[in-house]
Amino acid sequence: EADIYQTPRYLVIGTGKKITLECSQTMGHDKMYWYQQDPGMELHLIHYSYGVNSTEKGDLSSESTVSRIRTEHFPLTLESARPSHTSQYLCASSGQGWGYLPTSGANVLTFGAGSRLTVL
Amino acid sequence: EDKVVQSPLSLVVHEGDTVTLNCSYEVTNFRSLLWYKQEKKAPTFLFMLTSSGIEKKSGRLSSILDKKELFSILNITATQTGDSAVYLCAVGDYNQGGKLIFGQGTELSVKP
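Residues numbered from 1 in each chain as written. Chains lettered and ligands numbered in written order. Predicted model: local features only at pLDDT ≥ 70, side-chain atom pairs only at ≥ 80, totals over all residues. Heavy atoms only, no water.

Q: Talk me through the state of the cysteines; I want residue IDs and the actual numbers.
A: Residue and element names in this part refer to chain A. This structure, assessed with the given rule, holds two disulfides over all chains. The partner cysteine of Cys23 in its disulfide is Cys91, sulfur to sulfur 1.9 Å. In this structure, the disulfide formed by Cys23 and Cys91 twists by about -75° around the S-S bond and is classed as left-handed. Remark: Cys91 occurs in strand 9 (residues 87–94) and Cys23 occurs in strand 3 (residues 19–25); sequence separation between them is 68 residues. On the basis of relative accessibility, which here comes to 0%, the residue Cys23 falls in the buried class. Relative accessible area serves as the criterion here: at 0%, Cys91 is assigned to the buried category. (Disulfide = S-S within 2.5 Å. Helix = DSSP H or I, 4+ residues; strand = E, 2+ residues; numbered from the N terminus. Buried < 20%, exposed > 50% of the residue type's maximum accessible area, 1.4 Å probe, protein only.)

Q: Lay out the environment of B:Gln6 with the relevant residues and their values.
A: All names here are of chain B. Tracing the sequence through the fold places Gln6 in strand 1 (residues 3–7). Once the C-alpha coordinates of Gln6 and Ser72 are considered, the two residues, 66 residues apart in sequence, prove to be 9.6 Å apart. The residues contacting Gln6, other than those within four sequence positions of it, are Asn22, Cys23, Trp35, Tyr87, Leu88, Cys89, Gly103, Gln104, Gly105 and Thr106. Within polar-contact distance, the side chain of Gln6 engages the backbone nitrogen of Cys89 at 2.9 Å. (Contact = heavy atoms within 4.5 Å. Polar contact = N/O pair within 3.5 Å; in protein donor to acceptor, adjacent residues only side chain to side chain.)

Q: Before we move on, could you go through the pairing of strand 3 of chain A and cite the residues and values that matter?
A: All names here are of chain A. Every second residue of strand 3 is oriented toward a common face, the buried set being Ile19, Leu21, Cys23 and Gln25 and the non-buried set Thr20, Glu22 and Ser24. Pairing of strand 1 (residues 4–7) with strand 3 involves four bridges; the strand directions are antiparallel. Within strand 3, the residue paired with Thr7 across the bridge is Glu22. Two strands pair when backbone bridges link them, and strand 3 and strand 8 (residues 76–78) are joined in this way by three bridges, in the antiparallel orientation. (Pairing = 2+ DSSP bridges.)

Q: Mind laying out the pattern of salt bridges, listing which residues take part and the relevant values?
A: For the structure shown, the criterion picks out five salt bridges over all chains. The salt bridge involving A:Arg70 is made with A:Glu72; its shortest N-O contact spans 3.1 Å. The partner of B:Asp83 in a salt bridge is B:Arg60, and the shortest N-O contact between them spans 2.8 Å. Of the two residues, B:Asp83 is situated in the loop between strand 8 (71–76) and strand 9 (85–93) and B:Arg60 in the loop between strand 6 (56–58) and strand 7 (61–66); the sequence distance between them amounts to 23 residues. (Salt bridge = Lys/Arg side-chain N within 4 Å of Asp/Glu carboxyl O.)

Q: Describe the sheet that holds strand 1 of chain A, naming the residues involved and giving the relevant values.
A: Backbone-to-backbone hydrogen bonds pair the strands of a sheet. The strands run either parallel or antiparallel. One open sheet holds the four strands; their spatial order is 1-3-8-7 (chain A), and the pairing between them is antiparallel. Both edges of this open sheet fall to strand 1 and strand 7 (65–66) of chain A, since each of them pairs with a single strand only.

Q: Quick one: what's the story with the nonpolar core, residue by residue and with numbers?
A: In summary, soluble globular proteins display a tendency toward joint burial of nonpolar side chains. Residue and element names in this part refer to chain B. One finds Val4, Tyr25, Leu33, Trp35, Tyr87, Val91 and Leu108 to be the most contacted residues of the largest nonpolar core, which totals 23 residues. At the level of elements, strand 3 (19–26), strand 4 (30–38), strand 5 (43–49), strand 7, strand 8, strand 9 and strand 11 (106–111) are the ones that each hand at least two residues to this core. Val4 has contacts with Cys23, Ser24, Tyr25, Cys89, Val91, Ile101, Phe102, Gly103 and Gln104, leaving out every residue within four places of it along the chain. (Core = buried A, V, L, I, M, F, W, Y, C linked by side-chain atoms within 4.5 Å.)

Q: Explain the sheet that holds strand 3 of chain B to me, using residue names and the numbers behind them.
A: Residues and elements named next belong to chain B. If you trace the five strands from one edge of the open sheet to the other, you get 1-3-8-7-6, paired in antiparallel fashion. Two strands close off the open sheet at either side, each with one partner strand: strand 1 and strand 6. Pairs of neighbouring strands in the sheet enclose a mean axial angle of 15°, with direction left out of account. (Axes fitted to C-alpha atoms, helices over the stretch in contact; angles between N-to-C directions.)

In structure tokens:
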């Protein structure tokens, strides 16, 4: 079954620790995204990738970094977590296939379940 | 600056009521408008609209886009408690690849 998986779902960690949020998709999508969402607020794009070895920063500045060494995998890393990093992180993917309209190139993003990070 | 604005921000109704959620946008090169439903976790896809005036329908939910007035509405008829969620509107821009710009969401609460 094609899907998008995020781990961990919940993480509570102390200030200064290094953390990696994992995201994997089995749909063969070329595009992957990381959004950050604070409670009651809109989703903000922090990183995206259009394919292997392609990564770009999103509209919201973030101290996190990402890598895309394999098509299916798009991990997000924080080298030194701080309380201001407390948030929900949502991974998404899109690409040709289901949800793609060839005439417009419009894509439906499929989201993972999210990783809720709390930094103490 | 591209932006997406949803209204109302929150809404409380009773089961059986009909609700209309609004989404207006200012995007330089509009490509698509999407509606998502977000409960406790990940947003789940509802509709994608690219053409004006063509209603998309799925059960009790329907949506339509007006590209001249730059807005979309999401209608839910005969609401049920299971419809309680945050409804997100997002817009794609041709110059932004596959990225979406999200509105703040409308929090809908359906009381028994």
